[in-house]
Amino acid sequence: MNKLSHKESVQDVVARLRANRNQQQSTKEGEAAHSSNDQPQCNSPTRTKASKNTMAVSGAERKTEANKIIKRLLCGELTQGQTLKSLRVNILGLKQDVFAKLVGVSRKTLSDIENDRGSYNTEVLNKVFKPFSLQVGLLPSSPDTLRALLTEHDRD
């Protein structure tokens, strides 16, 4: 078990952070109703930085966005590190230091993984991908082969 502050589990921390985001969203929606400026109600999929100003999105929107990111990984459009960063920022909206504490790795390790530097063992990689219900596994090295297998599976 990771040693987080107050001995919270990963699920407890994620639930607490989501509750805080939802509360912030409610406050922002109230302010937006009194403002003449049109403000976006969800994150842009090209967002690259986590911020205090991140707008909360529904669970369904998070799931859809996560699936898009994972599909891009499987198709060879994103590296493992790019995928982790996109998931961390766009799905959880967490900064590196907060996410690193959450999963029990150093911020430097997280940074190295996200920038595709270094070679980390399966245990470390599984730790950082666990909040997204992902784990390291074997896939065909060719994205075309993977697409063909998935397409073939869909026809069955």
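Structure first, text after, so check above.
Residues numbered from 1 in each chain as written. Predicted model: local features only at pLDDT ≥ 70, side-chain atom pairs only at ≥ 80, totals over all residues. Heavy atoms only, no water.

## Observations regarding helix α4 (residues 96-103)
How we decide: Only protein chains enter the accessibility calculation, which uses a 1.4 Å probe. A residue is then buried if its area is under 20% of the maximum for its type, exposed if over 50%, and partly exposed in between. Secondary structure follows DSSP: runs of H or I at least 4 residues long count as helices, runs of E at least 2 residues long count as strands, and numbering of each begins at the N terminus. Taking the helix axis as origin, the arc is that swept by the directions to the C-beta atoms.
Every buried residue belonging to α4 is among Gln96, Phe99, Ala100, Leu102 and Val103, and all of these are buried. Angular distribution of buried residues about the axis of α4 spans 160°; they occupy a single face of the element. Among the residues trailing α4, Gly104 stands out with phi positive, at a value near 85°.

## Overview of the packing of helix α2 (residues 59-74) against helix α3 (residues 80-92)
Counted only if it meets this: An axis is simply a line fitted to the C-alpha atoms; with a helix, the fit covers only the stretch in contact. Between two such axes, the angle follows the N-to-C directions and lies from 0 to 180 degrees. Working definition: roughly parallel below 35 degrees, roughly antiparallel above 145 degrees, roughly perpendicular at 65 to 115 degrees, and oblique for all remaining angles. By the convention used here, residues are in contact when the closest approach between their heavy atoms is within 4.5 Å. Under the grouping applied here, Gly and all other residues not named as nonpolar or charged are polar, the nonpolar ones being Ala, Val, Leu, Ile, Met, Phe, Trp, Tyr, Cys and Pro and the charged ones Asp, Glu, Lys and Arg.
Where α2 contacts α3, the axes come no closer than 10 Å and their chain directions differ by 170°. Here α2 lies roughly antiparallel to α3, going by the angle between them. Residues Arg62, Glu65, Ala66, Ile69 and Leu73 of α2 form the contact with α3, whose own contacting residues are Gln80, Thr83, Ser86, Leu87, Asn90 and Ile91. Across the contact of α2 with α3, the residue classes break down as 5 nonpolar, 4 polar and 2 charged.

## Considering empty space enclosed by the protein
Applied cut-off: With a 1 Å grid spanning the protein atoms alone, the term cavity applies to any set of points in which a 1.4 Å probe fits but cannot get out, the term pocket to an open set with protein on both sides within 12 Å along at least five of seven lines, and the term lining residue to any residue with an atom within 4 Å of a point. Grid points are joined across faces, edges and corners, and a volume is the space filled by probe spheres set on the points.
Across all of its chains, the model carries 1 cavity of 30 Å³ or more by this definition. By volume, the largest cavity amounts to about 40 Å³. Along the walls of the largest cavity sit Val14, Leu17, Arg18, Arg21, Ile91, Leu92 and Leu94, which together make up its complete lining. Elements supplying a minimum of two residues to the lining of the largest cavity: α1 (10-33) and α3. Counting residues per element, the lining of the largest cavity draws most heavily on α1, at 4 residues. Its residues assigned to classes, the lining of the largest cavity comprises 5 nonpolar, no polar and 2 charged.

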